[in-house]
Amino acid sequence: MQNITLLLPKDLLRKVKHIAIDRQTSVSGLLINIEEIVIKKDLYEKAKWRNVSLLERDNINLGTEGKITWNRDDLYAF
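Residues numbered from 1 in each chain as written. Predicted model: local features only at pLDDT ≥ 70, side-chain atom pairs only at ≥ 80, totals over all residues. Heavy atoms only, no water.

Draft legend 1. Representation of the environment of L30. As for its placement among the helices and strands, L30 is situated in helix 2 (residues 27-57). In this structure, the C-alpha to C-alpha distance between L30 and Q2, residues 28 residues apart in sequence, is 15 Å. The residues touching L30, leaving out its near neighbours within four places in the chain, are V16, I19, A20, R23 and T25. (Helix = DSSP H or I, 4+ residues; strand = E, 2+ residues; numbered from the N terminus. Contact = heavy atoms within 4.5 Å.)

Here it is as structure tokens:
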């Protein structure tokens, strides 16, 4: 581990401290979660591109032509 110094606007720091209190941790505790967030984002990106590659490789057409043809109400209609 390595210590860092951050320069944050007072308003932002106040909000961060409130978030830390709500989560029953410290500001440092919140920052420790950054590693988990970065790992999850990396895994998501890898999975996304792997699936996009599979769709392109197998020439799979989802029939949407990149357009969303449904809305939230349609999903809950059944």
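Draft legend 2. Just a nonpolar patch on the surface, in detail. A grouping of I4, L6, L8, L12, L13, L31, I34 and V38 is seen on the molecular surface, where their side chains present a nonpolar patch of about 660 Å² in accessible area. Secondary structure elements with two or more residues in the nonpolar patch: helix 1 (10-22) and helix 2. Here L8 shows up in the segment before helix 1. (Patch = residues over 30% accessible without salt bridge, like charges linked within 9 Å, V, L, I, M, F, W, Y side chains within 5 Å. Areas by Shrake-Rupley, 256 points an atom, 1.4 Å probe, with all protein chains shown as cover. Salt bridge = Lys/Arg side-chain N within 4 Å of Asp/Glu carboxyl O.)

Draft legend 3. The arrangement of helix 2 in detail. When the terminal C-alpha atoms of helix 2 are compared, their 45 Å separation across 31 residues agrees well with the 45 Å that a helix rising 1.5 Å per residue should span. A positive phi of about 50° marks N59, the residue just after helix 2. (Expected span 1.5 Å × (residues − 1).)

Draft legend 4. Spatial organisation of the pattern of salt bridges. Per the counting criterion, the structure on display carries five salt bridges. Notably, a salt bridge pairs R14 with D11, separated by 3.0 Å at the nearest N-O pair. With R14 and D11 both in helix 1 and three residues apart, the pair spans about one turn of that helix. Note on D11: relative accessible area 48%, which makes it partly exposed. Overlapping salt bridges bring together K41, E45 and K48 as one network. (Buried < 20%, exposed > 50% of the residue type's maximum accessible area, 1.4 Å probe, protein only.)

Draft legend 5. View of the confidence of the model for the protein. Residues with a pLDDT of 70 or more make up 99% of the protein, whose mean pLDDT is 88. Mean pLDDT across the secondary structure elements of the protein bottoms out at helix 3 (residues 72-75), with 87, and peaks at helix 1, with 90. (pLDDT = per-residue confidence, 0-100.)

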